[in-house]
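Observations on the model geometry
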Amino acid sequence: MKRWHTPLAATGLALAPAFALAAGAIEGEVKQAATNWHAIIMFFLFVAFTLGITYWAARRTKSASDFYAAGGGISGFQNGLAIAGDYMSAASFLGISAMVFDKGYDGLIYSIGFLVGWPVILFLVAERLRNLGKYTFADVASYRLKQTPVRIFAATGTLVVVALYLIAQMVGAGKLIQLLFGMNYTSAVVIVGVLMVLYVMFGGMLATTWVQIIKAVILLSGASFMAIMVMQSAGFSFEGMFAKAVEVHPKASEIMAPGGLVSNPIDAISLGLALMFGTAGLPHILMRFFTVADAREARKSVFYATGFIGYFYILTFIIGFGAIYLVGTNPSFLDPDGKIIGGNNMVAVHLANAVGGDLFLGFISAVAFATILAVVAGLTLSGASAVSHDLYASVIKKGKANEADEIRVSKLTTLALGVIAILLGIIFEKQNIAFMVGLAFSIAASANFPVLFLSMFWKGLTTRGAVLGGFIGLASAVVLIVIGPTVWVDVLHNEAALFPYKNPAIFSMTLAFVFTWLFSVLDSSRQASDEKAKFEAQFVRSMTGIGASGASKH
Amino acid sequence: MNEEVLKRVQSNPKFLELVHKKTSLGWTLTLVMLAIYYGFILLLAFSPATLGTPLGGGVMTVGIPVGVLIIVSAFVLTGVYVRRANTEFDRLNQQIVEEAKQ
């Protein structure tokens, strides 16, 4: 029975805060595997094809609108796939199937948390965002407020979220590629960094979107095939599949019921808030709403994205259960101690081998690599836009930047972010980074989301309220995570945490909303009354789309 | 948008109708989603055994169809909103935009 209990250090799953599954799930020491030629050849095919797309996109990317928003020419269906692609990271594929493999039902609870934010984004955010903004969410937050302070706040929120997410992805990528391809860590990180810079710098949003769409399609196809093979092994009966899994799993029928994932109601609700509203504050996701022509297509994007993401989570659930009896009982996937070779996060990869042989194993490994590339490209573009569109064009040049210069700044930032991402990936190789994605979601929910939401819904919001409240949300999310169990105990090795909860969102979001409100109502300046007066026009535009930026002509 | 267009849109009863319908549908569906999700979380926190109850004597438990239904409900709710917004609301919106131009 020992084989089910992989050491915590090898998987990180048990120690990691729940979020770690979303990105960068491979934690701790990883052994380099033997060179996997099928995977490498298929990965090269993917790279060659996507670089071809980048070349095609580069010839169509001329204006700032092309670079940041693919000229607004992406359809709702395509954007839905791209958004789903941003969400279906390698780590959510491997991490959630591993969690189902290990804990059964708890894996499903987890996926649900990640999905339910999407309908809320549709009902409250998507079309207003599309009607008011152009390239970044800061366009909306600063619509009727003072440009300089609000843009600086929004760019800070964006860059912090992007940096945390990028580090998690880069470290996860290095370790995953070591495991899957038998390539060393540093060269894996460098390859990811170089390719993401190529996609973004030359192909802009058009290439970034198509790389994401292609990856989403191959990932969904691969996962569908695996789920069908699992169902076939159980005679296409869910009862049959569950029965086989319960029979061999050491926790037996416990895997069919909720376990310890949600034991503390405050932590559970706080996690739910961070997942739900953090999604609505992730800059690289919000940016995708500007790539479609209008509010109508923006709505469709969320509908398709929700469908694809929900379908994907059902597939990972089936894959995790199938792995229990197809991988967990097969000696060829176990080391001499009876543990899963490479750790529990590898069960989906072993299952690929079990149901489709070496060639399909290579395919799934290549898909996992492609997934990381597509996600980091979107993050990089979002970070570059914050620097060039929000800081350079709006703050430094006061909105009078020449378009060619703005694009040049964006491309240089992309290059700089690539170098920084590679360096951080190497620096953080041996660090415990499990808290980073949790922190990114908490900051997105506590800083970006409250300001964005209040700017669209509350007439009384003023510049002072937005900037002070937003920074308080950001700071409190960071401080509470640092003094909470995930950093204070797991990373800094202190005895006990100063703050008892792993997920601070319920507190930091409240602080952000309360202080944004307080500083806004206390603001009796002349500027504040002007800002309130501009709300009516903003409201009409957010509802009707009159004056909204359209798709570019070509 | 100039002052005149703004006034014309704001005083158009169709605009008030659009705001009312869109806002109430958006918030109603948001509350439905929040109620479903937080109902589930509270059930897990306070009465986990409920979801672990076996279904029809087999190994399948109540929690499995409930979980899948929540995933499906998220998709269905987005479908309900998009269907109404992209037909009824957009038609109304189109008329408001046309009338604002005159």
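Heads up: the structure comes first, above all this text.
This text gives an overview of the structure that appears in the document. (Residues numbered from 1 in each chain as written. Chains lettered and ligands numbered in written order. Predicted model: local features only at pLDDT ≥ 70, side-chain atom pairs only at ≥ 80, totals over all residues. Heavy atoms only, no water.)

As a further point, take the interface of chain A and chain B. Counting residues at the interface gives 49 residues for chain A and 50 residues for chain B. Here chain A and chain B share three salt bridges between them. Between A:Glu127 and B:Lys22 there is a salt bridge, with the nearest N and O atoms lying 2.8 Å from each other. Joining chain A to chain B, the criterion identifies 14 residue pairs in polar contact (both at pLDDT 80 or more). If you list the elements that add at least two residues to the side of chain A that touches chain B, you get helix H6 (105-115), helix H7 (117-132), helix H11 (238-248), helix H12 (265-279), helix H14 (295-326), helix H17 (436-457) and helix H22 (535-544) of chain A. Class assignment for the residues of the side of chain A that touches chain B results in 36 nonpolar, six polar and seven charged. (Contact = heavy atoms within 4.5 Å. Salt bridge = Lys/Arg side-chain N within 4 Å of Asp/Glu carboxyl O. Polar contact = N/O pair within 3.5 Å; in protein donor to acceptor, adjacent residues only side chain to side chain. Helix = DSSP H or I, 4+ residues; strand = E, 2+ residues; numbered from the N terminus. Nonpolar A, V, L, I, M, F, W, Y, C, P; charged D, E, K, R; others polar.)

With that settled, the discussion passes to H22(A). For H22(A), the buried fraction is high: seven of the 10 residues fall into the buried class. By the burial criterion, the buried members of H22(A) are A:Phe535, A:Gln538, A:Val540, A:Arg541, A:Ser542, A:Met543 and A:Thr544. At its buried positions, H22(A) is contacted by H7, H17 and helix H21 (526-533) of chain A together with helix H1 (3-11), helix H2 (13-46) and helix H4 (63-101) of chain B. Directly beyond the C-terminal end of H22(A), a positive phi value near 80° is found at A:Gly545. (Buried < 20%, exposed > 50% of the residue type's maximum accessible area, 1.4 Å probe, protein only.)

Side-chain pairing between opposite charges can occur once the charged atoms of the two side chains come close. Using the criterion set out here, one finds 21 salt bridges over all chains in the structure. A:Lys251 is the partner of A:Asp102 in a salt bridge, and the nearest nitrogen-oxygen pair spans 3.7 Å. Here the residue A:Asp102 occupies a position in helix H5 (residues 90-103), and A:Lys251 occupies one in the loop between H11 and H12, the gap between them amounting to 149 residues. Take A:Lys251: its relative accessible area is 28%, and that puts it in the partly exposed class. A salt bridge links B:Glu3 to B:Lys7, with the shortest nitrogen-to-oxygen separation between them at 3.5 Å. Placement of both B:Glu3 and B:Lys7 in helix H1 is noted, with a separation of four residues, approximately one turn of the helix. Overall, B:Glu3 belongs to the exposed group, its relative accessible area being 53%. The class for B:Lys7 is exposed, based on a relative accessible area of 54%. What emerges from the salt-bridge pattern is a single network uniting A:Glu127, A:Arg296, A:Arg299, B:Lys22 and B:Asp90.

Bringing the packing of helix H10 (residues 185-233) of chain A against helix H16 (residues 403-427) of chain A into the picture now. Residues and elements named next belong to chain A. In contact at an axis separation of 9 Å, H10 and H16 are set at 165° when each is read in the N-to-C sense. It follows that H10 is roughly antiparallel to H16 by the angle criterion. Along this stretch, H10 crosses H16, giving a crossing that reads as right-handed. For the pair formed by H10 and H16, the contact residues are Tyr185, Thr186, Val189, Val190, Gly193, Val194, Met196, Val197, Val200 and Met201 on the first element and Lys411, Thr414, Leu415, Leu417, Gly418, Ala421, Ile422, Gly425 and Ile426 on the second. When its residues are assigned to classes, the contact of H10 with H16 shows 13 nonpolar, five polar and one charged. (Axes fitted to C-alpha atoms, helices over the stretch in contact; angles between N-to-C directions. Parallel < 35°, antiparallel > 145°, perpendicular 65-115°, else oblique. Left-handed = near helix turned anticlockwise from the far one by under 90°.)

By themselves, these observations are geometric and do not establish any function.
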